[in-house]
Amino acid sequence: MRQRPARHDRYQPLYTPAERERRDKTSWTLVQGVLAPVQFLVFLVSLVLVLRYLVTGGGELAATVSVVVKTLILYAIMITGSIWEKVVFGKWLFARPFFWEDVFSMLVLALHTAYLVVLFTGWLDVRGQMLLALAAYAAYVINATQFLLKLRAARLQQERADAAAAGGTPAEAPAPAVGGSAE
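Residues numbered from 1 in each chain as written. Predicted model: local features only at pLDDT ≥ 70, side-chain atom pairs only at ≥ 80, totals over all residues. Heavy atoms only, no water.

**Q** Is there a simple way to think about the packing of aromatic side chains in this case?
**A** Think of a pair of aromatic rings as described by two things: how far the centres are apart, and how the planes are tilted against each other in angle. The tally for this structure, following the rule as stated, stands at ten aromatic pairs. Look at Phe 98 and Phe 147: their rings are 5.9 Å apart centre to centre, the planes differ by 20 degrees, and that puts the pair in the stacked class. Of this pair, Phe 98 sits in the loop between α3 (60-89) and α4 (99-121) while Phe 147 sits in helix α5 (residues 126-165), placing them 49 residues apart in sequence. Accessibility expressed as a relative area gives 2% for Phe 98, which makes it buried. Judged by its relative accessible area of 25%, Phe 147 is partly exposed. The ring of Tyr 15 has Arg 23 sitting right over it, with the charged end atom 4.6 Å from the ring centre. (Phe/Tyr/Trp six-rings, centres within 6.5 Å; stacked < 30°, edge-to-face > 60°. Helix = DSSP H or I, 4+ residues; strand = E, 2+ residues; numbered from the N terminus. Buried < 20%, exposed > 50% of the residue type's maximum accessible area, 1.4 Å probe, protein only. Lys NZ or Arg CZ within 6 Å of the ring centre and 35° of its normal.)

**Q** In this structure, what is going on with the pattern of salt bridges? I would like to understand it.
**A** Taken as a whole, this structure holds four salt bridges when the rule is applied. Note that Asp 24 and Arg 23 form a salt bridge whose closest N and O atoms lie 2.8 Å from each other. Exposure remark for Asp 24: the relative accessible area of 53% places this residue in the exposed category. A salt bridge links Glu 101 to Lys 150; its shortest N-O distance comes to 3.1 Å. With Glu 101 in helix α4 and Lys 150 in helix α5, this residue pair connects regions lying 49 residues apart in the sequence. Here Glu 101 matches Lys 150 in class, with each residue buried. (Salt bridge = Lys/Arg side-chain N within 4 Å of Asp/Glu carboxyl O.)

**Q** Which parts of the structure should I look at to understand the side chain of Gln 39?
**A** Here Gln 39 shows up in helix α2 (residues 27-56). Ignoring any residue separated from it by four or fewer positions in sequence, one finds Gln 39 in contact with Lys 70, Ile 73, Leu 74, Ile 77 and Tyr 140. (Contact = heavy atoms within 4.5 Å.)

**Q** How should I be thinking about unusual backbone geometry in this particular structure?
**A** What is expected of a backbone is that most residues other than glycine have negative phi and most peptide bonds are trans. With phi around 65 degrees, Phe 94 is a residue other than glycine that occupies positive phi space. By the secondary structure assignment, Phe 94 is in the loop between α3 and α4.

**Q** Any chance you could explain a nonpolar patch on the surface here in plain terms?
**A** Together, Leu 30, Val 34 and Val 38 make up a nonpolar patch on the protein surface, roughly 260 Å² of accessible area in all. By relative accessible area, Val 34 is classed as partly exposed at 44%. (Patch = residues over 30% accessible without salt bridge, like charges linked within 9 Å, V, L, I, M, F, W, Y side chains within 5 Å. Areas by Shrake-Rupley, 256 points an atom, 1.4 Å probe, with all protein chains shown as cover.)

**Q** What is the right way to read the nonpolar core from this model?
**A** Across soluble globular proteins, nonpolar side chains show a tendency to be buried alongside one another. In this structure, Val 50, Tyr 53, Ala 63, Val 67, Leu 74, Tyr 115 and Met 130 are the most contacted members of the largest nonpolar core, which totals 25 residues. For this core, the secondary-structure elements that each account for two or more residues are α2, α3, α4 and α5. Residue contributions to this core peak at eight residues, all from α5. In this structure, Met 130 is in contact with Val 50, Tyr 53, Leu 54, Glu 60, Ala 63, Thr 64 and Tyr 115, ignoring residues within four places of it in sequence. (Core = buried A, V, L, I, M, F, W, Y, C linked by side-chain atoms within 4.5 Å.)

**Q** Would you mind showing me how to read the packing of α3 against α5 here?
**A** To characterise two packed helices, one gives the angle between the axes of the helices and the distance between these axes. Running from N to C, α3 and α5 point in directions that differ by 35 degrees, and their axes come no closer than 11 Å. Crossing of α3 over α5 shows left-handed handedness. Together, Glu 60, Ala 63, Thr 64, Ser 66, Val 67 and Lys 70 of α3 and Val 126, Met 130, Ala 133, Tyr 137 and Tyr 140 of α5 make up the contact between the two elements. Grouping the constituent residues of the contact of α3 with α5 by class yields seven nonpolar, two polar and two charged. (Axes fitted to C-alpha atoms, helices over the stretch in contact; angles between N-to-C directions. Left-handed = near helix turned anticlockwise from the far one by under 90°. Nonpolar A, V, L, I, M, F, W, Y, C, P; charged D, E, K, R; others polar.)

**Q** Looking at this structure, how should I read the confidence of the model for the chain?
**A** The predicted coordinates of low-pLDDT regions are not to be read in fine detail. Chain-level statistics for the chain give a pLDDT mean of 87 and a share of 85% at 70 or above. Within the model, the stretch residues 171-183 combines pLDDT values under 50 with 39 contacts to residues more than four positions away or in other chains. (pLDDT = per-residue confidence, 0-100.)

**Q** Just checking my understanding: could you explain α2 for this structure?
**A** Taking 1.5 Å per residue as the helical rise, α2 with its 30 residues ought to reach 44 Å, and the 44 Å between its terminal C-alpha atoms agrees with that figure. In this structure, the buried residues of α2 make contact with α3 and α5. Its side-chain oxygen at 3.2 Å from the backbone nitrogen of Trp 28, Thr 26 defines the N-terminal cap of α2. Phi turns positive one or two residues past the end of α2, at Gly 57, with a value near 80 degrees. (Expected span 1.5 Å × (residues − 1). Polar contact = N/O pair within 3.5 Å; in protein donor to acceptor, adjacent residues only side chain to side chain.)

In structure tokens, the structure reads:
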């Protein structure tokens, strides 16, 4: 009989002590911590510019450039994020704790890349390009929310562990959910 592989469930800590140590020691954690809010700010500016173009027809160049910049920052955060996962978890992508976030990130990348393809090939008119950008942005918002919820859960787990170590609440109490199975 086949044995089921180990899985990441909602009561398993997001990081093992060794992974937490590697996370805290690598400079890639800081890189991610800087790029994520930068990407979000660029997204907000770009969203306004894209919506302005769709509503008024004005500002096509600004909207287009903003989506390209947002896409390039996304590529940078994905590359550095995969390096971070390799350092912390030993896998370039799809490490158990971030499996579903990485899966959805592939959709985000595909939509942003599709935008660049239609921009440079002219397969869609400008309105179609901007609508595609909005679809990419909707996927980005979902993906960013996934990561924020996961990081919040990790922070809460760490607080519980710290409290248990200090003689507070028992460490065996169920932890907040951090996501589904990676397998």
